[in-house]
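Coordinate analysis (summary)
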Amino acid sequence: MTVRPRLLLVDDEISIQRAVGPLLRSRGYDVEIAGTGGEALTLVADRAPDLIVLDLGLPDLEGTEVCRRIREHLKVPIIVLSARGAEADKVNALDVGADDYVTKPFGPEELLARIRVALRRVMSEDTAESGLLRAGDLTVDYDRRRVLRGHAEIRLTPKELDLLTLLVRNRDRVLTHRAILKAIWGANAVEQPEHLWTLVAQLRRKIEPDPSNPRYLFSEPWVGYRFATGEPENAG
Amino acid sequence: MTLVYVWWLHVTNATTVALTFLLVVLVTAATSKLRDAVVTSVAAMLCFNFFFLPPVGTWTIADPQNWVALFVFVAVSLVASRLSHVARARTDEAIVRRDELARLFDLSRDVLAMTASPDAVSHLARAIARRFDLEYVALALPGSDGWSIAAAGGRAVLLDEHQLTDVFDGAARSLEFDARARTYAGHRSVDADGRTVRLVPLRVGTRPVGLLAASGRPIEPGTLDTLAGVVAIAIERMQFLEERKTAELTRQSEELKTALLASLGHDLRTPLTAIRVAAGSLKASWLTGGERAEQSDVILSEVERLTRLFHNVLEMARIDAGAIAKEPRWTHPAEVVAAARDQVAHTLREHRVVVTTEPDVPVQLDARLTASALAHVLENAAQYAPRGTSIEVTTDLTEAGLVIRVRDHGPGLPAVDLPHVFDRFYRGAASRTRASGSGMGLWIARGLLAAEQGRIWAENCSDGGARFTISVPVSVANASEATAS
């Protein structure tokens, strides 16, 4: 692992490049900047960045297409920048492999927080995949299919455990409703999100200290869910 | 008469006489009315009996065979009279029908040529009056606030609205069959101003949509019915055209709103993000002097961009509202160009602008509108031509007025875009996701120029690059006035 993580910023707007580039550099990242999708793909191949910040509105290629092509052979985290209201674009990007998204116009802390979370996840994956995950007072033991809060075991139904395992394995990433439905109920269920709402509500009642104010299982409105391990969202 | 003639010739053969008489009866039937033919038949029969059938000179008939002959003679002459009469009546009727058909055909042609316009209904009424030679024709259409009546013809008749309502309601309630006229029309004759006016419901299918009032030449009920049908279809068609026009306008305005929102969404989001990030960075203490200046610059240029966008939206709203008035005043072409450059100095800083203003004599025009329009054209050139290229502005005075040409050395206008460059929110087909440009500028330029009767057009130069030409009518000062002002 390099000391200074290398970031690739892909946005065709000069003003965004001029504002976001220095921001990231000032926080200790090495930043490469690409103005087009083609340029981005070349830089990804040449420099192997640790994380990519990708605007969905590019002049030459669709952002989702860039995302898909990167995912074909790399696991590098991708955070997409998208317009508010363009939920379909976000969902598409996440479905083809993006990890997270930030809605324009965003503030500096919001973007930085997402970058930190995504990088940390990569590093934790690099270091250990022990079959045991601790988040706050929650312990998920994949191998024995057990979940502990503190030292007390929480009894989960098989579906609840499946959902929790899926989210925890993809912690700090946004999983789209579609992706979750497909993983848990199969491809035929992707048009029936009501299963998911019910299951999430049940799971929250069991694992969250305060189910109406979740600290682990976050909703991303109209997009999907995210299991957060670390810092609470302080951006806004 | 024939009798005497036959008497003289001493023809006594009953058969010859009967045949000759029959000929006379037929000729009479063919040329005059049925009544005359019957009278002739009866007279011929009596003469035949009295003078030729034995015993001659008496009304009695001795031989029963001659009774038969007499009876056959009467029957044949009556049938012949009747047939000939019917044939003639048919011919007359056919002539009338043909005449009315021709009139209907002419009217249908008039109807098809009609376009939707506010006075289309009175045009229609006039067309009916002309085609059918009527003294008075009126088309009465029920509206939310009483009847709207379009009248035509040489005579004015005041129709009673209550009567109209009665007839119309009757037509709406029931569909009656007129056995004599063989129609479902429900025609009514009313007296208005001492004249008999025929009221015919205009029906589309069976539903009445209005009334046709006609007075003057009598028209066959069947023809009147067909006429009413044609008129009803014409009115329906006009209403449909009117509705379609309204719907089309609504759709266009909806489309514009959507385009405006999409354009604003795109054009606001990027500057806001850049400003937010840069301002956040400025607040932090870790920036070096150079970085601080850089971030301030980002904020300033993005604020400039937002200001320009805001200005565009306002100008667009003013053009839409027709709130732009021309305020001509004396100025120099060079001043207009300078003012325009000044407005978009920020966008133009990456390009070299070469200005030629020959001859620079005072002209009278709305300097504000012209400069604003020119600024939009310059901005457009700066957005599409690569950085560092030159933009040439030349002014010229011609008979058409002040002509300003803006020539850039960019990629030129693709043929597909050329007809649309002045459309609102149109952004070149190839530059859909281009960073700059909202598709408003050139539309605004055209709108501003239209307010001062000016024109703008675009073309590609043979050696690359696009040329936009603005032409504004001006008054040119003569030498003495120029020095005075």
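In this report, we go over the structure that sits alongside the text. Small disclaimer: the values here were computed from a predicted structure and weren't measured.

**Section: the overall build of chain A**
- Across its full length, chain A carries eight helices and 12 strands.
- Buried residues in chain A amount to 40% of all 236 residues.
- Taking the contacts inside chain A whose residues are at least 6 apart along the sequence as the reference set, 56% of them involve residues at least 24 apart.

**Considering the nonpolar core**
- With 66 residues, the main nonpolar core has Leu9(A), Ile52(A), Leu54(A) and Val80(A) as its most contacted residues.
- Sequence-distant contacts of Ile52(A), that is, excluding residues within four places in its chain, are made with Leu8(A), Val10(A), Val44(A), Ile70(A), Val76(A) and Ile78(A).
- Grouped together as the second largest cluster of nonpolar side chains are 39 residues, Ala127(B), Phe168(B), Ala213(B) and Ala214(B) included.

**Considering the pairing of strand E4 (residues 78-83) of chain A**
Residues and elements named next belong to chain A.
- When you tally the buried positions in E4, you get five out of six residues, the bulk of the element.
- Pairing analysis gives four bridges linking strand E3 (residues 51-55) to E4, with the strands arranged parallel. Each bridged residue has a counterpart across the sheet, and for Ile52 the counterpart in E4 is Ile78.
- Between E3 and its parallel partner E4, the chain crosses via helix H3 (residues 63-71), and the hand of that crossover is right-handed.
- Looking at chain direction, E4 and strand E5 (residues 100-104) are connected through five bridges and run parallel.

**A short note on the interface of chain B and chain A**
- With 23 residues of chain B at the contact, the number on the chain A side is 20 residues.
- Elements with a minimum of two residues in the side of chain B that touches chain A: helix H7 (221-283) and helix H8 (289-320) of chain B.
- Per element, the largest residue contribution to the side of chain B that touches chain A is 12 residues, and it comes from H7(B).
- Classifying every residue of the side of chain B that touches chain A gives nine nonpolar, eight polar and six charged.

**A word on the packing of helix H7 (residues 177-185) of chain A against helix H8 (residues 193-207) of chain A**
All names here are of chain A.
- For the pair H7 and H8, interaxial distance at closest approach is 10 Å and the crossing angle is 85°. Considering the angle they form, H7 stands roughly perpendicular to H8. Of the residues in H8, those in contact with His177, Ile180, Leu181 and Trp185 of H7 are Pro193, His195 and Leu196.
- Of the residues assigned to the contact of H7 with H8, the class counts are five nonpolar, two polar and no charged.

**Here's the deal with helix H9 (residues 333-343) of chain B**
- Of the residues making up H9(B), those classed as buried are Pro333(B), Val336(B), Val337(B) and Ala340(B). Down the axis of H9(B), the buried side of the element spans an arc of 95°, and every buried residue falls inside it.

**Describing the packing of helix H1 (residues 14-26) of chain A against H8(B)**
- Taken N-terminus to C-terminus, the directions of H1(A) and H8(B) make an angle of 150°; their axes are 10 Å apart at the nearest point. When the axes of H1(A) and H8(B) are compared, the crossing they make is left-handed. From H1(A), Ser15(A), Arg18(A), Ala19(A) and Pro22(A) reach across to H8(B), where they touch Glu291(B), Glu294(B), Gln295(B), Val298(B), Ser301(B) and Glu302(B).
- Split into classes, the residues belonging to the contact of H1(A) with H8(B) amount to three nonpolar, three polar and four charged.

**Digging into unusual backbone geometry**
Residue and element names in this part refer to chain A.
- A cis amide bond, omega -5°, links Lys104 with the succeeding residue Pro105.
- Secondary-structure assignment places Pro105 in the loop between E5 and helix H5 (108-127).
- With a phi close to 45°, Ala48 is a non-glycine residue in the positive phi region.
- In this fold, Ala48 is placed in the loop between helix H2 (37-47) and E3.
- Even without being a glycine, Arg145 presents a positive backbone phi close to 50°.
- With respect to the helices, strands and loops of the structure, Arg145 is situated in the loop between strand E7 (138-141) and strand E8 (146-149).

About the thresholds
Residues numbered from 1 in each chain as written. Chains lettered and ligands numbered in written order. Predicted model: local features only at pLDDT ≥ 70, side-chain atom pairs only at ≥ 80, totals over all residues. Helix = DSSP H or I, 4+ residues; strand = E, 2+ residues; numbered from the N terminus. Buried ≥ 20, exposed ≤ 12 C-beta atoms within 10 Å, placed from the backbone. Contact = placed C-beta atoms within 7 Å. Core = buried A, V, L, I, M, F, W, Y, C linked by C-beta atoms within 7 Å. Pairing = 2+ DSSP bridges. Right-handed = clockwise from strand over helix to strand, strands pointing away. Nonpolar A, V, L, I, M, F, W, Y, C, P; charged D, E, K, R; others polar. Axes fitted to C-alpha atoms, helices over the stretch in contact; angles between N-to-C directions. Parallel < 35°, antiparallel > 145°, perpendicular 65-115°, else oblique. Arc of directions from axis to C-beta. Left-handed = near helix turned anticlockwise from the far one by under 90°.

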